[in-house]
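Results of the structural survey
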Amino acid sequence: MNSNSLTRIKYLLLQDLSMNRKRYISLLVGLFLGALMLIYLAHPKYLLHDGSERFYVAVYDSMPVFIVCTTLVFISELFANFSTKQKRVHQLMLPATKGEKFAARFLLCCVGFPIVFLVAIALADVVRWILSPLLFENTLPLICHKLIPEMLLKTTFYWDGETLDHFLFCAFMTWIATFYAMGSALFRRRALLKTTLCLMGGFILLVLFLENFDIPGESTVDNVFDVMRVVAACILLVLSVVQFCLTRRLYNRIQVISKQTWYDRI
Amino acid sequence: MIKIENLTFAYGKKKPNVIEDLSLTLHPGAIYGLLGKNGTGKSTLFYLLSGLLFPDKGKVIMNDINVTKRQLDTLQDIYILPEEFDAPKISFEKYVRLHAPLYPRFDHEQLGRCMAEFELPMDVDLKSLSMGQKKKAMLCFALATGTRLLLLDEPTNGLDIPSKAVFRRVVTSCMNDERIIIISTHQVRDVEYLLDRVILLKNSKLHYEGATADITERLSFAVVPTSDVPSTVIYQEPNLAGTAVVYPNPGGEETVLNLELFFNALSVQPDLVERYLKA
């Protein structure tokens, strides 16, 4: 009777989309405008004087920062449905298992929103393609059909750098994703801002701490540098697992009124 | 049946207990009135009963399951209608379409009947409704869920005068032998004819729990001229029509419960009232 059901997940997703459609439409519009700014306004010189290949490279190079920032915005939305007392009552009392409710939010924030994000990039490119002839003499072809598959490939299977770098990059991205998920569960309201501030504070402390050690750079013996990257990646992956477990625990322990803790006072 | 065992709760380690060592058994087929002054923990008790808060000590057991586990079976059997709620900006019909499938015993016919009683169309847009109308719509939904435990926090707040009578009618029509309805309210006049049992909280503790029939069997409530106050009076308070009095009912005569008067009597003369109630 308490097993998970796809039908209930479907209803939870539909409820979420119907009841928060304004917020999600705003998010879609925001992403669209962000993508439009990036691929259109940020590179006017390529639009005017250079070929499509240079324009494509410029957009492609600036896209990773946009992807990372957007991903963090999505993940910070994971527990936005628990931001007020009324919302918590509604969410916690929904007749579904904890797993179903978590899965529904996870699917929406970590699968649904990224799809919306890709649609936003494509839409922005189409708008740029349509508007360019009106503003400039020459125009450049649509790039989304090439850009999106390459972005997906680069972040999943293909990596033009070293394998170790790829491993470290993936470990770091997993760590930062779970860190923001934990931040969302912890803060719920303005989670993105608060988690970012915590992250920055943590990095400053880490840098101050590491200044006390003589860390070998890339120029030193390769083996030492490789071992350090593997160790760092492993630490990040272990931390990711810990953070994910903490996020689930925080989610399971959410109450309608929190007893005041240090993070409630922030 | 719901068993509340030694329930204790405070909103922080250094804060005073809002609920203290409360033990109680709630039996199905009864409408309970939860009464108490402001800040005595009525809403907190609702949250503890529904698993929205975790007690510091004690537990709430519903169908042999601790409600804090928030298991599917438990959630399908509890509906809480808070005093203040966020009505989503969608039509009521859509709200029902999205939420009703999650309640296995949801009764669409019951919902239709309740909505008709309140003269609300099913396709009404929740966003366009006044607070009172939203409350009526959500109340209809709550009653139609078919949950065995229904918690209504100040359900008559915001309802117009005719709707209060409709409220009593629809609650009665939705009652069955398996269901427990608990109504927390300060508007005792709105619900006093509805209640089967009364739970009274005082200073974070259970002050009284009993059947309304037992109260009226042992106590009489009346308004008499100030000069004719009976000598056996337990509690009296002046009002515009004379003096409202509570006095013993040794013959067990049929009398009408005045919940406000009973509440005041129990607050002012707790020992005396309890002595007559136990007699």
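Residues numbered from 1 in each chain as written. Chains lettered and ligands numbered in written order. Predicted model: local features only at pLDDT ≥ 70, side-chain atom pairs only at ≥ 80, totals over all residues. Heavy atoms only, no water.

Overview of the sheet that holds strand S10 (residues 205-211) of chain B
All names here are of chain B. With respect to topology, six strands assemble into an open sheet ordered S6-S7-S8-S3-S9-S10, the strand pairing being mixed. Each edge of the open sheet carries a strand with a single partner, namely strand S6 (78-81) and S10. Recorded for the sheet is a direction-independent mean angle of 15 degrees between the axes of neighbouring strands. With five bridges joining them, strand S3 (residues 30-36) and strand S8 (residues 180-184) adopt parallel strand pairing. (Pairing = 2+ DSSP bridges. Helix = DSSP H or I, 4+ residues; strand = E, 2+ residues; numbered from the N terminus. Axes fitted to C-alpha atoms, helices over the stretch in contact; angles between N-to-C directions.)

A closer look at the domain arrangement of chain A
Residues and elements named next belong to chain A. Each domain of chain A was delimited in the assignment, giving domain 1 (1-158) and domain 2 (161-266). With 23 residues of domain 1 at the contact, the number on the domain 2 side is 21 residues. Carbon and sulfur atoms supply 72% of the area that domain 1 and domain 2 bury against each other, a total of about 2000 Å² over both sides. Counting across the domain 1 and domain 2 interface gives zero salt bridges. Our enumeration of links across domain 1 and domain 2 arrives at six residue pairs in polar contact (both at pLDDT 80 or more). (Domains from an automatic or database assignment. Contact = heavy atoms within 4.5 Å. Buried area = accessible area lost by both parts, 1.4 Å probe. Salt bridge = Lys/Arg side-chain N within 4 Å of Asp/Glu carboxyl O. Polar contact = N/O pair within 3.5 Å; in protein donor to acceptor, adjacent residues only side chain to side chain.)

Re the interface of chain B and chain A
Taken together, the contact pairs 35 residues of chain B with 33 residues of chain A. Summing both partners gives a buried area of about 3000 Å² for chain B against chain A, and 63% of it is carried by carbon and sulfur. Summed over the three residues of chain B that lose the most area to chain A, namely Arg70, Leu72 and Leu102 of chain B, the buried surface amounts to 22% of that side. Taken together, the connections running from chain B to chain A amount to zero salt bridges. At the surface where chain B touches chain A, the tally comes to nine residue pairs in polar contact (both at pLDDT 80 or more). Here the side of chain B that touches chain A gets five residues from one element, more than from any other, and that element is helix H3 (residues 92-99) of chain B.

Some remarks on the pattern of salt bridges
Residue and element names in this part refer to chain B. Considering all chains together, one arrives at 16 salt bridges over all chains under this definition. Residue Asp77 is joined to Arg105 by a salt bridge in which the shortest nitrogen-to-oxygen separation is 2.2 Å. Of this pair, Asp77 sits in the loop between helix H2 (72-75) and S6 while Arg105 sits in the loop between H3 and helix H4 (108-117), placing them 28 residues apart in sequence. A relative accessible area of 3% means that Asp77 is categorised as buried. On the accessibility criterion, Arg105 (34% relative accessible area) is partly exposed. (Buried < 20%, exposed > 50% of the residue type's maximum accessible area, 1.4 Å probe, protein only.)

What to know about the packing of aromatic side chains
Residues and elements named next belong to chain A. Applying the stated criterion to the full structure yields 22 aromatic pairs over all chains. Between Phe102 and Phe244, the ring centres sit 6.0 Å apart and the planes meet at 75 degrees, which makes this aromatic pair edge-to-face. Residue Phe102 is found in helix H6 (residues 98-135), and its partner Phe244 is found in helix H10 (residues 222-252); the two are separated by 142 residues along the sequence. On the accessibility criterion, Phe102 (8% relative accessible area) is buried. (Phe/Tyr/Trp six-rings, centres within 6.5 Å; stacked < 30°, edge-to-face > 60°.)

With respect to unusual backbone geometry
Backbone geometry at Arg190 of chain A places phi at a positive 50 degrees, although glycine is not the residue there. With respect to the secondary-structure elements, Arg190 of chain A resides in the loop between helix H8 (163-187) and helix H9 (191-210). With phi around 70 degrees, Ser204 of chain B is a residue other than glycine that occupies positive phi space. When you line up the elements, Ser204 of chain B lands in the loop between strand S9 (197-202) and S10.

Quick look at the pairing of strand S12 (residues 235-239) of chain B
All names here are of chain B. The sheet contact formed by S12 and strand S13 (residues 242-248) spans five bridges and is antiparallel. Residue pairing for S13: Pro238 is matched across the bridge by Thr243. Counted between consecutive antiparallel strands, the loop separating S12 from S13 contains two residues.

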